[in-house]
There are 2 protein chains.
Amino acid sequence: MLFRQFFDNTSSTYTYLIASGRGREALIIDPVKEYTQAYLDIVNQLDLRLVRAIDTHTHADHFTALGDLRDETNCITTMGEFTNADCVSEQVSEGDRIDVDGIRLEALYTPGHTDESFSFYWKQGDQRAVFTGDVLLIRGSGRTDFQGGDPHKSYDSIVNKLFRLPDETLVYPAHDYKGMLSSSIYEEKHYNPRLAGKSEAEYVQIMNDLNLPDPKLMDVAVPANLACGKLP
Amino acid sequence: MLFRQFFDNTSSTYTYLIASGRGREALIIDPVKEYTQAYLDIVNQLDLRLVRAIDTHTHADHFTALGDLRDETNCITTMGEFTNADCVSEQVSEGDRIDVDGIRLEALYTPGHTDESFSFYWKQGDQRAVFTGDVLLIRGSGRTDFQGGDPHKSYDSIVNKLFRLPDETLVYPAHDYKGMLSSSIYEEKHYNPRLAGKSEAEYVQIMNDLNLPDPKLMDVAVPANLACGKLP
């Protein structure tokens, strides 16, 4: 199996390239437009064929590479069923399974950061991982103040869906800002300062008190990403 | 098994925390001083006990956490036998094996970036990884113009030692500046632009032509790191 995490320093975004290694098919999660050529280079160098590019949600802080990767590789582009990005060729629903050459991902509807955010859960043998987008971050969680964000839904997605995955499930988010690259459900359950020992009301209060400035790129990134990152 | 990579954005340094999970002992490779508390937090949260902190070489671009971690945890501090950092409690030689609770690392003397750089090779079942410090980077290699650096030795360490590890060996360097988090011996052998298809003379020419400015922290970091990061 091949598993590669990439980091975009500008937006602190993590991207994941995954292939089973059985055949040559690969998928990518949350790719960043500026790295399109870098992804294509490594896909070629590893003699892989990119067949699916997935965005967990409509990003507001960077441009997605979905459209460019589709143009270059003819890959399927995938988002959750409630996305407004009509450009994608596949929309998944809760419980849907994506199978790329033996890499099986289960789609989990996890709104809260946006109203169309999905997470993707992978298990094989005794290994488990979940790609949480911006819903659950490492010792944090994605802001809930735009794009249909809702702290109640965020709490519900995290506590009642993600935290019910096995403790040993590795957590791979779409961002981190403090040098952490991965976590686990166990750790987030017990040590996420917004969630561990907190009631829903306390969590909602924390999120409502964040008062974050809008992402710098939001006004251009969201419309561009609704067109799969193809700038107007 | 637990494997965690950390990223220091200021110096683009990667740090690795590893534990077998059989018992609770853990080791850390190339820790950064500013993250000492973050490492201790995660070690505690995972109910681990840090027993060894390893530096691949005397870093010139950041302060090592070796001394602080030793003071906090009483861990063994490890470097290669040619280091001038007399503060470390253990010096390893070519072929030495470190065993932390079933995590077995083999010390490989890989000079070139500095004259005292070691790499650490790990294998278990069909998994292999090598922690290369600054000798072999992802699609690059560490500069060879100070601290006893030598492009001939760098070429020899990479081509005649690291490239003889199995192709599937994952490469985990101490730095990356382009968002890549890991590589493999296969990839570096075939796609590292300084090395793939290059003679030793061509490599030496490339390294001698780099003309890089000194690292900003060099004049303070090197003396501090010779004291395990304990600032004078």
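So, a few notes on the structure that sits alongside this text. Nothing here was measured: the structure is a model prediction, and the numbers come from that model.

**Focus: the relation of the copies chain A and chain B**
Item 1. Expressed as a screw operation, the relation of chain A to chain B combines 0.0 Å of axial shift with a rotation of 180°, fitting to an RMSD of 0.0 Å. What the superposition gives is, in effect, a two-fold axis relating one chain to the other. Relative to the rotation axis, the C-alpha of Asn9(A) is the closest in chain A, positioned 4.1 Å from it.
Item 2. When the interface residues of chain A are mapped onto chain B, 100% of them again lie at the interface, so the same face is used by both copies.

**With respect to the interface of chain A and chain B**
Item 1. With 21 residues of chain A in contact, the opposing surface of chain B contributes 21 residues.
Item 2. Interface area, chain A with chain B, both sides summed: about 1800 Å², of which 52% is carbon and sulfur.
Item 3. In this assembly, chain A and chain B are joined by two salt bridges.
Item 4. Notably, a salt bridge pairs Arg4(A) with Glu187(B), separated by 2.5 Å at the nearest N-O pair.
Item 5. On inspection of chain A and its partner chain B, the count reaches eleven residue pairs in polar contact (both at pLDDT 80 or more).

**A few points about the pattern of salt bridges**
Pairing is possible between side chains of opposite charge, provided their charged atoms come close.
Residue and element names in this part refer to chain A.
Item 1. This model, assessed by the stated rule, comprises 28 salt bridges over all chains.
Item 2. Its salt-bridge partner being Glu 94, residue Lys 161 comes within 2.9 Å of it at the nearest N-O pair. With Lys 161 in the loop between helix H3 (151-160) and strand S13 (170-173) and Glu 94 in the loop between strand S6 (90-92) and strand S7 (97-100), this residue pair connects regions lying 67 residues apart in the sequence.
Item 3. Between Glu 187 and Arg 139 there is a salt bridge, with the nearest N and O atoms lying 2.9 Å from each other. Remark: Arg 139 occurs in the loop between strand S11 (136-137) and strand S12 (140-141) and Glu 187 occurs in helix H4 (residues 185-191); sequence separation between them is 48 residues. As far as the burial class goes, Glu 187 and Arg 139 line up, both buried.
Item 4. In this structure, a network of salt bridges that share partners links the residues Lys 33, Asp 68, Arg 70, Asp 71 and Lys 230.

**Observations regarding the side chain of Ser157(B)**
Item 1. Secondary-structure assignment places Ser157(B) in helix H3 (residues 151-160).
Item 2. Not counting chain neighbours up to four residues away, the residues in contact with Ser157(B) comprise Tyr109(B), Thr110(B), Pro111(B), Val135(B) and Leu162(B).

**Overview of the state of the cysteines**
Linking two cysteines covalently via their sulfur atoms produces the bond known as a disulfide.
Residue and element names in this part refer to chain A.
Item 1. The full count for this structure, using the stated rule, is two disulfides over all chains.
Item 2. Each disulfide pairs two cysteine sulfurs, and for Cys 87 the partner residue is Cys 228, the sulfurs being separated by 2.1 Å. As the torsion about the S-S bond is roughly 90°, the Cys 87-Cys 228 disulfide counts as right-handed. You can see Cys 87 sitting in the loop between strand S5 (76-80) and S6 and its partner Cys 228 sitting in the segment after helix H6 (218-225), a full 141 residues away along the chain.
Item 3. No disulfide involves Cys 75; its sulfur sits 9.5 Å from the nearest other cysteine sulfur, which is in Cys 228.

**Digging into the packing of H3(B) against helix H5 (residues 200-208) of chain B**
Residues and elements named next belong to chain B.
Item 1. Relative to each other, H3 and H5 sit at 125°, their axes nearing to 9 Å. Judged by the inter-axis angle, H3 sits oblique to H5. The two elements H3 and H5 cross, and the hand of that crossing is right-handed. For the pair H3 and H5, the contacting residues are Pro 151, His 152, Ser 154, Tyr 155 and Ile 158 in the first and Glu 200, Tyr 203, Val 204, Met 207 and Asn 208 in the second.
Item 2. Taken together, the residues of the contact of H3 with H5 break down into six nonpolar, three polar and one charged.

**Quick word on the sheet that holds strand S2 (residues 13-19) of chain B**
Residue and element names in this part refer to chain B.
Item 1. Strand order in the open sheet formed by six strands is S1-S2-S3-S4-S5-S6, with mixed pairing between adjacent strands. The open sheet has two edge strands, strand S1 (2-8) and strand S6 (90-92), and neither has a second partner. Here the strands of the sheet are splayed against their neighbours by 25° on average, with no regard to which way each runs.
Item 2. Direction of pairing for strand S3 (residues 25-29) relative to strand S4 (residues 49-54): parallel, over a ladder of five bridges. Paired with Ile 28 across the two strands is Ala 53, which belongs to S4.

**Digging into the environment of His190(B)**
Residue and element names in this part refer to chain B.
Item 1. If you trace the backbone, His 190 turns up in helix H4 (residues 185-191).
Item 2. On the basis of relative accessible area, His 190 is assigned to the partly exposed category, the value being 40%.
Item 3. It is 25 Å that separates the C-alpha atoms of His 190 and Gly 125, two residues lying 65 residues apart in sequence.

What counts, and where the lines are drawn
Residues numbered from 1 in each chain as written. Chains lettered and ligands numbered in written order. Predicted model: local features only at pLDDT ≥ 70, side-chain atom pairs only at ≥ 80, totals over all residues. Heavy atoms only, no water. Least-squares fit on C-alpha atoms with pLDDT ≥ 70 in both. Contact = heavy atoms within 4.5 Å. Buried area = accessible area lost by both parts, 1.4 Å probe. Salt bridge = Lys/Arg side-chain N within 4 Å of Asp/Glu carboxyl O. Polar contact = N/O pair within 3.5 Å; in protein donor to acceptor, adjacent residues only side chain to side chain. Helix = DSSP H or I, 4+ residues; strand = E, 2+ residues; numbered from the N terminus. Buried < 20%, exposed > 50% of the residue type's maximum accessible area, 1.4 Å probe, protein only. Disulfide = S-S within 2.5 Å. Axes fitted to C-alpha atoms, helices over the stretch in contact; angles between N-to-C directions. Parallel < 35°, antiparallel > 145°, perpendicular 65-115°, else oblique. Left-handed = near helix turned anticlockwise from the far one by under 90°. Nonpolar A, V, L, I, M, F, W, Y, C, P; charged D, E, K, R; others polar. Pairing = 2+ DSSP bridges.

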